[in-house]
Amino acid sequence: MSAFDRYLWNGGAALLAALWIAPLLYAVWTAFHPSAYEAHFTLTAPLTLENFVKAWNAAPFARYFLNTFILVTGITAAQFVLCSLAAYGFARFSFPGRDLLFSLVLLQLLVMPDILIVENYKIIHAMNAVDTLQAIALPYIASGFGVFLIRQAFMTVPRELDDAARIEGSGPLAILWRVYVPLAKPTYLAYGLVSVSYHWNNFLWPLIVTNSVETRPVTVGLSVFATTDSGTEWAVINAATLMTSAPLLLAFLLFQRQFVQSFMRAGIK
Amino acid sequence: MKIKRDWIWGWTLIAPALALIFLFTHIPALMTLWGSLFSTPRGRKPSHFVGLANYERLIQDPTFWKVLGNNAIYALGTIPVSMALALAMALLVNRPFKGRALARMAYFTPTVLPLIAVANIWLFFYTPGFGLIDQVLGLFGAGQSNFLGNAGTALPAIMVVAIWKEAGFFMIFYLAALQAIPPQLAEAAKIEGAGAWTIFRRITLPLLMPTTLFVSINAVINAFRLVDHIFILTGGGPDNASSLLLYYIYETSFRFWDTAYGATLSVVLLALMCLLAIGQFFLFDRKVHYK
C-alpha cells in the first residue's frame, strides 16, 4: 500500500467516524449546555447539569430505571436457566423428536415475539397480566436464539469430561452445573450482553402491554416524556435521552472489547 | 433401559423452554392465522366467522398497499446501503492505524443506543426552523425545510436514521469474518500479480459470502421488525407516507382496536418474512460454502 493510499484510507475512516459520532456528540453538547447554545458552538459556552435535573424532576425516571433494571436482570436470569436446560437436553441427550423440536425452536429466530403483538396481547390479557413486568418479560424468556447459542457451546465440550463426572457418580444436573456451565462462560457473557442491550432498548411490546408508571421501562417512559410535553425544551429532552442510554453507553465504553467480541460471537454460527 | 432414561431426561430438560416458546411463538402464530378468519368483536356483537372477508378488505385497502410499498422501499433502500457501509467500515478498520480503536467505537456506538433515543436525537436535526439541518442550511441562505412533514421526504428521512443505527452493527460481523481470512491467500495472489481490486473481488468477497447471507437475513428481519423510530419521528405521517407494515399493524390493533384486521395484516407480515428468508437462502445457497 502506497503512502498516498494510506492517507486516503485513513482519511476515509476518520471522515466516516466523524459522521457517525456527530449526532451523539451533538446530543451531548445540547444536554450539557443552556438551551441558548443549542446551535451555537463556542468553547466558552457554560456547562450545566440543569437540563438533567429538570428532566429527572419532570418525569418519574427513577421508577422507569428501576422497572428496566428489574426487567433486564429478570429476563436475562430466566433466559440463562431455561436456555441452559434446553440446550443441555438438545446437545447431550438423544430422544425421539429431538431434531423436529429443535427446528421448531430455531423457527423463533425468524418468527419473533416482536411481530406477534396482536395475539400475544390476547394471551397476556387472558392471563390477566396486562400492565405487569412479567407481561413484558414472558414472551422473551424462552429464547430460541439463547438455546441455539448455548447448545453450540455445549456441543464443543469433550465427552470425556462428561463421562468422567458420571463415573464419579454425578447426576445430569450436577454435570450441567459443574462441567458444562463453567466451560461455556464466554458464551454466557456474550449472550448476556446481547440480551441486556436488546431488552434495555426494546420498545414496541412494552409500549403495548404497559400503561402505568409502575411498569413502564425507560424506553416507553422516554417516549411518553418526549411526545406529550411539547412545551419542554430540547435540551431537557436531550438530557433525558442521554440519561436513558447512559448506563448501556457507559458499560459499552468500559467493556468495549467484550461488547464487540460478544456481538461477534453471538453472530457467528 | 439406558435409552429410556435419556429420553426422559431430554424431554424434561427441554420442556420448560419449549412450553414457553410454543405459548408465545407457535400458538400465537397459528392464532393469528385463525383470528384473521373472524370479525373483530364490537360492543354487543361478538366475534364471528367471516371466512376470507378480512382478506378481501385487505386487497381493497389503499393504506395497506401504501404501507407495503413503503416497507419495500425502506428495505431496498436501507439494506444494501447499510450493508455496503458496514463492509466499507470493516475494511477501513481492519488495518492497523492510529485511532483505529476510536473509529471502531464511533461506528459501533449507535448500535448500543435505544432506537427510541436515536429517534429523539435525530428529531432535533429534522425539526423545521430550529433543527440543526435548517440552521446549517440557513447559513447558505436556504429557506425552511420540513423533512419529516413532507410526504416526499418523510420516508427517506427515516431511512437515514435506520442506516445510521444499523451499519455499525453489521460491521462487527464483517470484521470478524475478515479477521478469519488467512493472509496467505492474499499474499499468494499478490505473487501471482493480482492487484488490490482483484484480490478483493476474487478472494475477499467470495469468502465473505456466508457473512453476507447472515447479515442480509438479519437486515431483512430488522427492516420489518423495527418501527420504534416512527413513533417519535413521524407517527407514520404525513398521510401514511412513512408508515411501515408493523406500525400499521400496531395502529390498527391498538389504536383502533380492530384486532381481526390486525391479525390479517400480521399474517401478511409473517408470510412475507418466511418467504424472504427462504428466498435469500436459495439465492445465496450456491455461493455460500458451509464447513
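Conventions adopted
- Residues numbered from 1 in each chain as written.
- Chains lettered and ligands numbered in written order.
- Predicted model: local features only at pLDDT ≥ 70, side-chain atom pairs only at ≥ 80, totals over all residues.
- UniProt positions renumbered as here; feature names shortened; annotations may be inferred.
- Helix = DSSP H or I, 4+ residues; strand = E, 2+ residues; numbered from the N terminus.
- Rg over C-alpha atoms; globule rule 2.2 N^0.38 Å.
- Buried ≥ 20, exposed ≤ 12 C-beta atoms within 10 Å, placed from the backbone.
- Contact = placed C-beta atoms within 7 Å.
- Core = buried A, V, L, I, M, F, W, Y, C linked by C-beta atoms within 7 Å.

Per an unreviewed UniProt entry, the recorded name for chain B is ABC transporter permease, and the organism is Thioclava marina. Taken verbatim from the UniProt record of chain B, the Subcellular location (unreviewed entry) comment is "Cell membrane".

Chain A is annotated in an unreviewed UniProt entry as ABC transporter permease from Thioclava marina. Word for word, the UniProt comment on chain A under Subcellular location (unreviewed entry) is "Cell membrane". Chain A has a UniProt comment under Sequence similarities (unreviewed entry) that states "Belongs to the binding-protein-dependent transport system permease family."

Please explain the overall build of chain B as it appears in this structure.
Of the regular secondary structure elements, chain B holds 13 helices and zero strands. Scanning chain B from its N terminus toward the C terminus, one meets helices and strands in the order α-α-α-α-α-α-α-α-α-α-α-α-α. Relative to the compact-globule value of 19 Å for 291 residues, chain B shows a C-alpha radius of gyration of 24 Å, a clear excess of over 25%. Relative to its 291 residues, chain B shows a buried fraction of 41%.

Explain the UniProt feature "transmembrane region" (unreviewed entry) in chain A to me, please; I cannot follow it from the model alone.
Residue and element names in this part refer to chain A. Here, UniProt's "transmembrane region" (unreviewed entry) annotation points to residues 7–29, 64–88, 100–121, 133–154, 175–194 and 234–255. Along residues 100–121 one finds 55% helix and 0% strand; the C-alpha atoms at either end are 28 Å apart. For residues 133–154, helix accounts for 91% and strand for 0%, while the C-alpha atoms at its two ends are 31 Å apart.

Any chance you could explain the environment of A:Asp162 here in plain terms?
Residues and elements named next belong to chain A. Residue position: Asp 162 is located in helix α8 (residues 159–167). Assessed through the 18 C-beta atoms surrounding it within 10 Å, Asp 162 is described here as partly exposed. Excluding residues within four positions of it along the chain, Asp 162 makes contact with Arg 92, Val 157, Ile 175 and Val 179.

Explain the nonpolar core to me, please; I cannot follow it from the model alone.
The nonpolar side chains of soluble globular proteins are, as a tendency, buried together. Core analysis: the largest hydrophobic core is formed by 161 residues, its most contacted members being A:Ala86 and B:Met171. If you tally residues by element for this core, the top one is helix α7 (residues 154–180) of chain B, at 17 residues. Not counting chain neighbours up to four residues away, the residues in contact with A:Ala86 comprise A:Val147, B:Leu13, B:Ile14, B:Ala17 and B:Leu18.

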